[in-house]
Amino acid sequence: MENLRTPGPTPCPEPVLQAQTKQMINHRGAEFQNIMNGVTQDFKTLFQTKNDLFILTGAGTGGLEAAIVNLFSPDDKILSVSIGVFGDRWASIAQTFGADVTSLKFEMGEAADPDLLRKALQADPKIKAVLITHNETSAGVTNDVASLGRVAKEFDKLLVVDGISSLGSIDCPVDKWQIDVAVAGSQKGWMVPPGMTMLSVSEAAWKAHANAKMPRFYWDFSRAKKYLEKGQTPWTPAVSILYALNVSLKILLQEGLPNIFARHVRLGNMTRKGIKDMGLKLLVVDESYASNTVTAVWPPEGIDPDKLRKTLRDDFKLILSGGQGKLEGKIFRIGHLGYCSEKDIEDTLSAIKKSLPKHGYNPK
Ligand SMILES: *Cc1c(COP(=O)(O)O)cnc(C)c1O
């Protein structure tokens, strides 16, 4: 079997795979309503929120678009805090729908600096909202959303967070951090296939929604709310993914949030230590911001990371991700989120160690 160590899609436990083989049901019927209400409640627990929560059919990027079109009007000023490819993508979604986006950008490998966020917000009082990527999957860096969010709230701005590769894996307490909209994606830490995006919506976000004029139909929160009151979704949902979530979220709740977070800390530490012990360098500049769901690695001088990945795939059935954006062809990334054990990481590190000599590097 393959060792799929990409930061999404991630492997699924056997009972989760089995759940998806169940026969279809009427998505306007009582059985569906039970599942929908249960899974919504479980997500609220795992998001650590009492806010409204919607499970919508689509990729994570659809969730990012939903957050934008439901909160804003064209010409609204938005501050995008970006530390990599996914932060940039979100800014360009907002621009596409006509928002006036100011970008506060940091080099890939760096975390966003709360003091610079404060300066940016002081410089332009018209800014309505701050977009932040909690865990930047392209760089293996986790932003300090607690501190960044506190700054956003000093200025009473909406705090809109891409938690796609953190929620359910890295602590991201939505209510405690006053996150107005938090976005998740099913194929990351939730141990189910791609197909669903989940969003929490605060009271302040609903107020913004009431005046938001951006065009929207499929992603409309008002429609989602109206249907959720009946335990339904406005459009036919990915029913099989809901079956899968109905099992996977129970497994996660059984493990418990503190244990889930602690497991990801262990996996993150183990991955980084193993990489450094081989003499390789991490992309993250300050390790206190290193991500516990994905590690980005510089290959040794002169080694093509994409060729190394091919060897890992051919010889060890180990699948890693390459670099994105300006780091394409320059780095490789190891996913360690969701259904991942210490053994999976041991196997990953051992395969990398055995493959490097083939490319002319003898690890320490
Ligand atoms: C994976 C990911 C996305 C995009 O999700 P898709 O389901 O591929 O659209 C966005 N943001 C972050 C942080 C991600 O990790």
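All of these numbers come straight from a predicted model, not from anything done at the bench. (Residues numbered from 1 in each chain as written. Predicted model: local features only at pLDDT ≥ 70, side-chain atom pairs only at ≥ 80, totals over all residues. Heavy atoms only, no water.)

Colleague: I'd like a rundown of helix α10 (residues 257-277), residues and numbers included.
Modeller: With 21 residues, α10 ought to run about 30 Å at 1.5 Å a step, and its terminal C-alpha atoms sit 30 Å apart, in line with that. Where α10 is buried, its residues touch α2 (30-47), α9 (239-255), β11 (281-282), β12 (294-298), β15 (332-335) and α12 (342-355). Just beyond α10, the residue with positive phi is G279, at close to 90°. (Helix = DSSP H or I, 4+ residues; strand = E, 2+ residues; numbered from the N terminus. Expected span 1.5 Å × (residues − 1). Contact = heavy atoms within 4.5 Å.)

Colleague: I'd like to hear about the site of the ligand, residue by residue, with values.
Modeller: The environment of the ligand is made up of 13 residues, and the closest members are T61, T137, D162, Q187 and K188. Interatomic distance of 2.5 Å between a side-chain N/O atom of T61 and an oxygen atom of the ligand. One of the side-chain nitrogen or oxygen atoms of K188 is found 2.6 Å away from an oxygen atom of the ligand. (Near = heavy atom within 4 Å. Polar contact = N/O pair within 3.5 Å; in protein donor to acceptor, adjacent residues only side chain to side chain.)

Colleague: Explain the sheet that holds β11 to me, using residue names and the numbers behind them.
Modeller: Within the open sheet, the 4 strands sit side by side as β11-β12-β15-β14. Their pairing is antiparallel. Each edge of the open sheet is held by one strand with a lone partner, namely β11 and β14 (321-322). The pairing of β14 with β15 spans 2 bridges and is antiparallel. Bridge pairing links S321 to R333 in β15. (Pairing = 2+ DSSP bridges.)

Colleague: Account for the domain arrangement of the protein, with residues named and values stated.
Modeller: Domain boundaries assigned for the protein yield domain 1 (3-7 + 256-359) and domain 2 (14-254). Taking only C-alpha atoms into account, the centre of domain 1 sits 26 Å from that of domain 2. Between domain 1 and domain 2, the residue contacts involve 25 residues of the former and 29 residues of the latter. With both sides pooled, the region where domain 1 packs onto domain 2 buries about 2,200 Å², and carbon together with sulfur makes up 63% of that total. Ranking the residues of domain 1 by area buried against domain 2 places F261, Y289 and Q324 at the top, with a combined share of 25%. Between domain 1 and domain 2 we count 12 residue pairs in polar contact (both at pLDDT 80 or more) in total. Elements represented by at least two residues in the side of domain 1 that touches domain 2 include exactly α10 and β12. The element best represented in the side of domain 1 that touches domain 2 is α10, accounting for 4 residues. (Domains from an automatic or database assignment. Buried area = accessible area lost by both parts, 1.4 Å probe.)

Colleague: Describe in detail the side chain of S355, supporting the description with residues and values.
Modeller: Along the chain, the position of S355 falls in helix α12. Overall, the relative accessible area of 1% leaves S355 in the buried class. Residue contacts for S355: discarding those within four places in its chain leaves L308, T311, L312 and F316. (Buried < 20%, exposed > 50% of the residue type's maximum accessible area, 1.4 Å probe, protein only.)

Colleague: Outline empty space enclosed by the protein, supporting the account with residue identities and numerical values.
Modeller: Gaps left between atoms are located by rolling a probe of water-molecule size over the structure's atoms. One pass over the full model with this rule turns up 3 cavities of 30 Å³ or more. Counted as a void, the largest cavity has a volume near 90 Å³. Taken together, I55, L56, T57, Y218, W219, D220, A224, T233, P234, W235, T236 and P237 make up the lining of the largest cavity. Here the lining of the largest cavity gets 3 residues from one element, more than from any other, and that element is strand β2 (residues 52-57). Here the lining of the largest cavity is built from residues that sort into 8 nonpolar, 3 polar and 1 charged. For the second largest cavity, the calculated volume is near 40 Å³. For the second largest cavity, the full set of lining residues is A139, G140, R272, L282, V284, A290, S291, V294, T295 and A296. Broken down by element, the lining of the second largest cavity gets its largest block of residues, 3 residues, from β12. (1 Å grid on protein atoms, 1.4 Å probe; cavity = no way out; pocket = protein on both sides within 12 Å on 5 of 7 lines; lining within 4 Å. Points joined across faces, edges and corners; volume = space filled by probe spheres on them. Nonpolar A, V, L, I, M, F, W, Y, C, P; charged D, E, K, R; others polar.)

Colleague: Lay out the packing of aromatic side chains with the relevant residues and their values.
Modeller: Enumeration over the complete set of coordinates arrives at 9 aromatic pairs. Ring centres 6.0 Å apart and planes at 85° place the aromatic pair F43 and F47 in the edge-to-face group. Taken together, the residues span about one helical turn, with F43 and F47 both in helix α2 at a distance of 4 residues. The class for F43 is buried, based on a relative accessible area of 0%. Residue classification places F47 among the buried residues on the basis of a relative accessible area of 0%. (Phe/Tyr/Trp six-rings, centres within 6.5 Å; stacked < 30°, edge-to-face > 60°.)

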